[in-house]
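# Fold and geometry: a report
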Amino acid sequence: MEKFYCLKCNKIFEAEGEKKEWQSSIFGHCWKLVTKCPDCGTECNEWRPKGPSSKNKKGGSCSGSCSMCSGCS
């Protein structure tokens, strides 16, 4: 079970996610886990806790393993 967040209901809930895949012209193959809110039926993304994120030298967020920027560390 994963945690998801519904923007419409402002609610965090646990559910089984479904992998949603798409092809981005900028980033290539992308995917994320989504599910329907049990209360309103809106498609919801995984919940991500707020906290410090890694920053590349240009100030953008990055996991340090992307091929898009040369400033990752």
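Residues numbered from 1 in each chain as written. Predicted model: local features only at pLDDT ≥ 70, side-chain atom pairs only at ≥ 80, totals over all residues. Heavy atoms only, no water.

### What about the pairing of strand 5 (residues 43-46)?
Summarising the sheet, strand 1 (residues 2-6) and strand 5 pair through two bridges and their orientation is antiparallel. What sits directly across from Phe4, in strand 5, is Glu46. Pairing between strand 4 (residues 28-36) and strand 5: three bridges, direction antiparallel. Across the sheet, residue Val34 finds its bridge partner in strand 5, namely Asn45. Counted along the chain from strand 4 to the antiparallel partner strand 5, the turn is six residues long, and its residue Gly41 has a positive phi close to 85 degrees. (Pairing = 2+ DSSP bridges. Helix = DSSP H or I, 4+ residues; strand = E, 2+ residues; numbered from the N terminus.)

### Regarding the pairing of strand 2 (residues 11-15)
Direction of pairing for strand 1 relative to strand 2: antiparallel, over a ladder of five bridges. Bridge assignment links Lys3 to a residue of strand 2, and that residue is Glu14. Hairpin connection from strand 1 to strand 2: four residues lie between these consecutive antiparallel strands, with Asn10 at a positive phi of about 55 degrees.

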